[in-house]
Amino acid sequence: MLRDLAQVSRIRLVSLCLACLGLTGTLPAMAADNPAPPPPDALTARIDTGDADRFAELYARTAGRPTAEQLQREYIDRGSPGLEIFKPHRIVDGQKLAAAVARSPEQYAKAVDTCLPIVKATTPELRATYLAFQGLLPERPLPQIYLVVGASNSGGTAGPGAQVLGLEVLCHVAKTEEDLRNLMRTFYAHETVHVLQQSEDRATANVLLASVLQEGAADFIAGIVTGKQPDQARASWALPREAELWQQFEADLRTLDAVSWDELKPGTPPRQAFSRWIANAGSPPEGWPSEVGYWIGQRIWERWYAQQPDKRAAIRQMLEPHDPSTVLAAGRFRPDGMPPHHRQD
């Protein structure tokens, strides 16, 4: 199941990478008649399931065979601000969604009949996570969380003041109710960090380093607010291999030096170097778990964080634009385990 968590996280990163490659466009502005709600309070936060509820009602009323026209008129056109964020390049329109439903009727039936009630019951997990964020970053507004039903191609994404989760994908990944509850709490924490992260000039950074630092920061902070390693199986595999992993990572950083997002073409050495670490769920290097770059980024931040005297200020710095090379210099793996300013040579 923990390996599957990486797959869902990867879907979010794939959307991010496509955006960097210029393939997804920008997030839509909220319509004037459909404004985003104010930030939730941690004690009263709840998941906005209005879109998923409306889909479930239509699905039941049509015996699991809604038409493209019905989906467009009764589900998509009446969507929440969260659905507006999720729609481009995922749902797209009623025709694409109807085709997805027809291809996987059992997946959608399980989503609305079994998983939707479970997700609604994870309000305590959401509030506990948000209370931790509120204690850690009291000045930062928390995102509203929307649950939608998509075209079976995205587990979630983040937009301005919102995170949006794809019910049918999360339901497919989770094998048990406990799995789904754990998965939801992981998403509540990890995706909230992405909402809070401020944009940076990714065009001037090494594409691999920028990506592992972004995802590593989300996993590092998620671990603080949940008290759990986001992917314990991956971490347990990687830690005893850290020295050899870093040799490969350093080599791939050199391969991707001065390489732009546009140059990450399938089959090219830059793409192979990038995909060794990021966006490889289902096809990681032989013998590796998926998305080891998340763990590498988390480890870089751990070492950097250990050197910061003001831990609260350090967390804020992780969310703001930063110089990736400076972070790497402080967080690079060293066989003796000592940070640079402690070395005597």
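Please read all numbers here as calculations on a predicted model, not as lab measurements. (Residues numbered from 1 in each chain as written. Predicted model: local features only at pLDDT ≥ 70, side-chain atom pairs only at ≥ 80, totals over all residues. Heavy atoms only, no water.)

(A) Region of interest: the pairing of strand β2 (residues 156-159). Going residue by residue along β2, you find Gly 156 and Ala 158 tucked away on one face and Thr 157 and Gly 159 tucked away on the opposite face as well. As paired strands, β2 and strand β3 (residues 162-166) are joined by four bridges and run antiparallel to one another. In the strand pairing of β3, Thr 157 is matched with Val 164. In sequence, β2 turns back onto β3 through a hairpin of two residues, with Gly 161 there showing a positive phi of about 70°. (Buried < 20%, exposed > 50% of the residue type's maximum accessible area, 1.4 Å probe, protein only. Helix = DSSP H or I, 4+ residues; strand = E, 2+ residues; numbered from the N terminus. Pairing = 2+ DSSP bridges.)

(B) How the structure looks around the sheet that holds β2. The three strands are arranged β1-β3-β2 in an open sheet whose pairing can be described as mixed. Each having just a single partner strand, β1 (144-148) and β2 make up the two edges of the open sheet. When the angles between neighbouring strand axes are averaged without regard to direction, this sheet yields 20°. Of the strands in this sheet, β1, β2 and β3 touch helix α9 (residues 177-196), which is tilted by about 140° from β3. (Axes fitted to C-alpha atoms, helices over the stretch in contact; angles between N-to-C directions. Contact = heavy atoms within 4.5 Å.)

(C) Representation of the pairing of β3 in the model. The buried fraction of β3 amounts to five of the five residues, a majority that puts the element mostly inside the structure. With burial as the criterion, each face of β3 is covered, one bearing Ala 162, Val 164 and Gly 166 and the other bearing Gln 163 and Leu 165.

(D) Structural view of the pattern of salt bridges. Under the criterion given, the structure shown has 18 salt bridges. Two residues, Glu 139 and Arg 140, come together in a salt bridge whose shortest N-O distance is 3.6 Å. Look at Glu 139 and you get partly exposed, because its relative accessible area is 42%. One network of salt bridges, with partners in common, ties together Glu 57, Arg 61, Arg 73 and Glu 74. (Salt bridge = Lys/Arg side-chain N within 4 Å of Asp/Glu carboxyl O.)

(E) Just helix α5 (residues 94-103), in detail. Of the residues making up α5, those classed as buried are Gly 94, Leu 97, Ala 98, Ala 100 and Val 101. For α5, the angular spread of buried residues about the axis comes to 160°, placing them on one side. Seen from the open side of α5, the exposed residues pointing more than 90 degrees away from its buried face are Gln 95, Ala 102 and Arg 103. Buried residues belonging to α5 abut α2 (50-61), α3 (68-76), α4 (81-91) and α6 (105-120). (Arc of directions from axis to C-beta.)

(F) Geometry of the environment of Phe 187. With respect to the secondary-structure elements, Phe 187 resides in helix α9. Residue classification places Phe 187 among the buried residues on the basis of a relative accessible area of 2%. With 43 residues separating them along the chain, Phe 187 and Pro 230 place their C-alpha atoms 9.5 Å apart.

(G) Up close: the packing of aromatic side chains. As enumerated under the stated definition, the model contains ten aromatic pairs in all. Through a chain of ring-to-ring contacts, three or more aromatic side chains come together here, namely Trp 237, Trp 246, Phe 249, Trp 277 and Trp 288. The residue whose ring lies beneath Arg 90 is Phe 86, and the NZ or CZ to ring-centre distance is 5.5 Å. If you follow Lys 311 out to its NZ or CZ, it ends over the ring of Tyr 305, 4.8 Å from the centre. (Phe/Tyr/Trp six-rings, centres within 6.5 Å; stacked < 30°, edge-to-face > 60°. Lys NZ or Arg CZ within 6 Å of the ring centre and 35° of its normal.)

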